[in-house]
Each structure stands twice: as C-alpha cells, then as structure tokens.
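# A structural walkthrough
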Amino acid sequence: MSLTEERTATAAPQKSAPSRVGLRAIGVVLPLLLLGVWQLLATAGVYSPAQLPPPAEVASAFGDLVARGELWHHIAISTQRVLIGFAAGAALGLALGGLVGLSRTANAALSPTVQAIRAVPSLAWVPLLLLWLGVGETPKIVLVAIGAFFPVYTTVSAALSHVDPHLTEVGRAYGRSGLPLVATILFPAATPAILSGLRLGLAQGWLFLVAAELIASSMGLGFLLIDSQNTGRTDVMLLAIVLLAALGKLTDTFLGFAETRLQTARR
Amino acid sequence: MREPAGLEFSGVGRAFAVAGRHRQVLTGIDLTVAPGEVIALLGPSGCGKSTLLRLAAGLDAPSAGTVSVDGRPVRGIEPRCAVVFQEPRLLPWRTLFRNVAYGLPRGVTGEPARQEVEHWLRVVGLDAFAQHRPRQLSGGMAQRAALARALARRPGVLLLDEPFAALDALTRLRMQDLLAEVQREAGTTVLLVTHDADEALHLADRIVLLGSGSDAGSGPGSGSGSDDPEAGSVVRLVLPIPGARPRDRGDTTLAELRASLLSELGVNVHGRIQA
C-alpha cells in the first residue's frame, strides 16, 4: 500500500483528504478481484482441489497451523533472518557504497570486483555457504545480507557520486571539507536515493531468504513451501506464498512510511 | 562584525588544461582593493571574471602570482571571504534559517548564533520566512537568503559572482539597492562580478574592466599586450566612478561613463565605435 500512498502524496498534494482515502481504497479492489477469480477457478472444476484448493481451504490451513502453534514459529524465524541479514547487508552496503561514491580511487579499485560478484545468481552462493558455514542460522543470514547488500551499495554509491557539484562547492566555499562536507552536503543530498536503495535491499533480502530456506532449513516460510510440496499440501503452499507477499509488503510499508515522513519533513 | 579587509592581486595568472591543450585565462593581473571599497569586475563573457573571484575565495589557486587578503596570501578556502554565486544554491533540505546558519563561522553556536541568523534574515527582509524551505521562495527571495548566508560568515571581503544576473529587471534593481544598503551597514569590501554596466556604475567605487590584452577597439597591434587571443585576459581599464554611493541612476555624468564603458566592451554606442 505504501507505493500508492507515496504516489498520492507526491503527485497530488493539493487533493483533499476524502479523495486520498478513495485512491487508497482502489488498491484493495485488485486483490479482492484476484480472490474472486481464485474462488471461481477452484470451484468451477478447471483445476483439481489438489492443484488449486479454494481460498477457504487455505484459510483453514492457516487456522490449523496457528492452532498447532507452528505458524508463528515459521514467521518469526523468517522475519528474524531477514531483519538481521538486512541490517548487516545494508550497513555494509552503506559503508562500501559510501566509500566508492566518495572516493574516485576506491571506485576505480573496488567497483569492477563488486560488480562481478553482483552478477553471481543468489542460488550459486548456497552450496558454498553451506560448506563454509554449516546448516545453522549463519548461512541463511549471510545469504540475506548478500541479497540486501547490492541494491544498497549500488544506489548509495551512485547517489553520492552524483550530488550536484554546485552544492558541493557551496560546502567548500563555506569552509566544509572531509567529514563535515559529507555530513552537511553529500549525505543529505543523497538521502532520498539512499532510502529507496534500502527499500530495494529489503525486498531483495526476502527473495534471498526464500532461496536459502528452500534448500537447507527445518524452519521458516521457505521450509514451509518445500515441506508442503513434499507432503502434497497445496493449501499450505499457497498459504506460505500469501504470507511471504504479506510480510514483504508489511516490512516495505514500514520503510516507505519512514521515507514519506522524511520527505514531508524536508518539503 | 569583522573589519573590512583589503584584497590584493599581484601578477596573478591562471591557466587551464582543456582536453590536453593549454588555455591561459588570466595573465598578470595586478589590482589592489582598499578595505571597504566596492569594486565591479566587468568584461565580456568568458574573460575570466569569475575565475578571478574564485581565486580570491580560495576555490581555485592561481598558476602564477599571489592573491592576498589583508596582506596574508590566500591558501585554500579563505575564511575572511564569503561567496554569493549566480544561483542561490541554498540547501533544499534545510529551512531558510538553517541555510543562513550554514554561513556562520565555526564555533558560533547557541543563542548568539540564533540572534545572528535572525539579524541577517531581518536585514534582507526574510525574517517572516525563517521556517520556509528554499523551494517555497521566489528567485529574488532565494538570492536574498544566499546573501544573508554570506553575510553570516562575517566576511572581510564579500565576493559576488553575477548574483543578480538570473533575476528579472525589477527584482534586480531592488537587489542592487539592498546590496548598497547592506554594504553601508556592514562596511565590507565587495568584489562584484557583473556583465551589467549600469549595475557596476550604480554600485561600485571603481570599475575594473577585464579583457584581452590587444585592444579590440583600435585594431590589431596597438594594444598593451600580445595579439595572441590565447594570451589570457588582463586589466584593461580601471575606472573610478565619481560621486558617493548610492548614486542616482539618472545622473548625466554616469550616462557618459556608461557610453564609454559600453564601447570598451565592444558595443556600438551612438552609431560609432570608440577607442
């Protein structure tokens, strides 16, 4: 919902409150429509219940898992992996992206290598991480961190190296150099781009989480997916997918909320 | 307020390497500006007016000669100078108040800082807009805020790089009056880069005309410098303006000076080209 919110806020700041609520409500129409189509396809006999269980069955699977106390466990562990991995990857992305964006030497020395590493598909890391780090929490968190790192790194380095040279010159003319210049000119100028980089990083963190959990895990939403495939529980499989979508959207909404607040504060 | 400072260019030259080719912009500039004096730097575009100003600010370093403020050579960013650029260049994420505060010298904080920022906002007539963002302001207001930011630095020398060039004609006249008023109050030395002869005549004690060494008006070979257009600009003329500031814009002696200035700049006045 945050994307819609943002667009409403930026594109139509003059609009009155009711129409803004109206625009937000439009965002609910499509999911409801999809739900209706799902129900129709499942009951009309186009697919067998084993292929596509109706929404009600997915809801009852949700009830079962909640009653058995398993679901919260899966959700909690997945969220925890994403949050820790994202924090680590984003911090590293900020640091290295900052270095590459601010120093031409660092850029020349580091960016070809980083770009090459970036080209490695997420799944290619899994065997190596398992070999090095075992099957515990660490390899999953590291994989999420790798996923979150690259969007943050790329946007931060690009944003910092493209700050308006006129503003940088103002900073220099008013006696700022080094760290004070970064703190008063470069970083504030790059903040909007950095925030959208963080949102991209978080989204990619969720992608890499599922990659990690699909292959080697005994807990989490990715495990729920692969386990439901093995046991033929299509309803649980759909539930896991819906939950991943909801969680990804929820965490993105938090960051989007922070972004919008910052932009209105600066406006 | 800091005392007005003197500014001295002695034998200043500046050359750039553009695409591997050597380009001389300024050659042998000698100019002494007394404390409290207002100097207008006039010349055709591309003659190095702004380069000279950037040298005084320490934003650029001369290839030859020295620039000094109150007898001390400029090395790196000069704390006794403050620059106003052609564009306001306010920081869009800061309020007007915090933009002006950006100009404060290091170490001025707390209550004195607040009072000083408020003082300069009042001087430029923006005290009611302290909490506004730059994008909520008109071009003239933004440039006034940029002037307040420069004044908050308590400069001995105020360096103005065509500060009113991008404004509409009426706003420009108002800004010129404001600058004259602020200069009287603060007493700072002012180096004003402009391409507007009227602006120079209205505000300056002396007009310094930069241009190529060979005199454009009197044909090749007769100038003081070399004929080579790559030789860089020199001080072609220093013109003291009679009368105390602020001057009457309709003054007749000024009108005559204006005609001779424009012809120096290669503009045809009264249907003939003067030397």
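Reading guide: rules and limits
Residues numbered from 1 in each chain as written. Chains lettered and ligands numbered in written order. Predicted model: local features only at pLDDT ≥ 70, side-chain atom pairs only at ≥ 80, totals over all residues. Helix = DSSP H or I, 4+ residues; strand = E, 2+ residues; numbered from the N terminus. Rg over C-alpha atoms; globule rule 2.2 N^0.38 Å. Buried ≥ 20, exposed ≤ 12 C-beta atoms within 10 Å, placed from the backbone. Contact = placed C-beta atoms within 7 Å. Core = buried A, V, L, I, M, F, W, Y, C linked by C-beta atoms within 7 Å. Domains from an automatic or database assignment. Axes fitted to C-alpha atoms, helices over the stretch in contact; angles between N-to-C directions. Left-handed = near helix turned anticlockwise from the far one by under 90°. Nonpolar A, V, L, I, M, F, W, Y, C, P; charged D, E, K, R; others polar. pLDDT = per-residue confidence, 0-100. Parallel < 35°, antiparallel > 145°, perpendicular 65-115°, else oblique.

### Notes on the overall build of chain B
Across its full length, chain B holds seven helices and ten strands. Taking 2.2 N^0.38 as the reference for a compact globule, 275 residues should give roughly 19 Å; the C-alpha atoms of chain B span a radius of gyration of 19 Å, in line with that estimate. Based on the C-alpha atoms only, the size of chain B along its principal axes is roughly 60 × 45 × 35 Å. Taken over 275 residues, chain B has a buried fraction of 40%. Sequence separation of at least 24 residues holds for 71% of the intrachain contacts in chain B that already meet a minimum separation of 6.

### Observations regarding the overall build of chain A
In terms of regular secondary structure, chain A is built from eleven helices and zero strands. Seen in sequence order, chain A has helices and strands lined up from the N terminus as α-α-α-α-α-α-α-α-α-α-α. A buried classification covers 31% of the 267 residues belonging to chain A. Across chain A, the fraction of contacts at a sequence separation of at least 24, relative to all contacts at a separation of at least 6, is 71%.

### A few points about the nonpolar core
I39, L41, A56, A148, L159, L191 and L192 of chain B are the most contacted members of the largest nonpolar core, which has 71 residues in total. Top element by residues in this core is helix α4 (residues 139-152) of chain B. It accounts for eight residues. If we skip the residues at most four places from it in the chain, L159 of chain B touches L53, A56, A57, C81, A82, V83 and L191 of chain B. Core analysis: the second largest hydrophobic core is formed by 46 residues, A148, L160, W206 and V236 of chain A among them.

### Side note on the domain arrangement of chain A
Quoted interface sizes are often the accessible area lost when the parts come together. According to the domain assignment, chain A contains domain 1 (1-52) and domain 2 (54-266). Using C-alpha coordinates to define each centre, domain 1 of chain A is positioned 25 Å away from domain 2 of chain A.

### Observations regarding the packing of helix α6 (residues 122-133) of chain A against helix α7 (residues 137-161) of chain A
Residue and element names in this part refer to chain A. Packing of α6 against α7 brings their axes to within 9 Å, and their N-to-C directions diverge by 145°. With respect to the hand of their crossing, α6 and α7 are arranged in right-handed fashion. Between α6 and α7, the contacting residues are S122, W125, V126, L129, L130 and L133 on the first element and T138, P139, V142, L143, I146 and G147 on the second. The residue inventory of the contact of α6 with α7, partitioned by class, reads nine nonpolar, three polar and no charged.

### Focus: the confidence of the model for chain A
Residue and element names in this part refer to chain A. Confidence along chain A averages 87 in pLDDT terms, with 93% of residues attaining 70 or more. Element-level pLDDT for chain A is lowest in helix α1 (residues 2-11), with a mean of 41, against a maximum mean of 95 in helix α8 (residues 165-173). Confidence drops under pLDDT 50 across residues 1-15; counting only partners more than four residues distant or on other chains, this segment forms 19 contacts.

### Section: the packing of helix α3 (residues 110-123) of chain B against α4 of chain B
Two quantities define a packed helix pair, namely the angle between the axes and the distance from one axis to the other. Residue and element names in this part refer to chain B. It is at 9 Å that the axes of α3 and α4 come closest, and there the two elements cross at 140°. When the interaxial angle is binned, α3 and α4 end up oblique. In this structure, the crossing between α3 and α4 has a hand that is right-handed. For the pair α3 and α4, contact is made by E116, V117, W120, L121 and V123 and by A148, L151 and A152, respectively. When grouped by side-chain class, the residues that make up the contact of α3 with α4 number seven nonpolar, no polar and one charged.

### As for unusual backbone geometry
Residue and element names in this part refer to chain B. Non-glycine residue R89 carries a positive phi angle of around 50°. Its location among the elements puts R89 in the loop between β6 (81-84) and α2 (96-101). The phi dihedral of E162 falls on the positive side, at around 45°, and the residue is not glycine. Along the polypeptide, E162 turns up in the loop between β7 (157-161) and α5 (169-186). Overall, the presence of 21 C-beta atoms within 10 Å leaves E162 in the buried class.

### A few points about the interface of chain B and chain A
Counting residues at the interface gives 14 residues for chain B, matched by eleven residues for chain A. Across the side of chain B that touches chain A, the residue classes break down as eight nonpolar, one polar and five charged.

### Quick look at the environment of R81 of chain A
All names here are of chain A. On the secondary structure map, R81 appears in helix α4 (residues 70-102). Judged by the 27 C-beta atoms lying within 10 Å of it, R81 is buried. Taking C-alpha positions, R81 is 9.2 Å from W206, a pair spaced 125 residues apart along the chain.

### Brief notes about α8 of chain A
Along α8 of chain A, the residues that are buried comprise V170, G171 and A173 of chain A. Buried residues in α8 of chain A make contact with α9 (178-215) of chain A together with α1 (49-57) and β6 of chain B. Once α8 of chain A finishes, G175 of chain A follows within two positions and takes phi at roughly 80°, a positive value.

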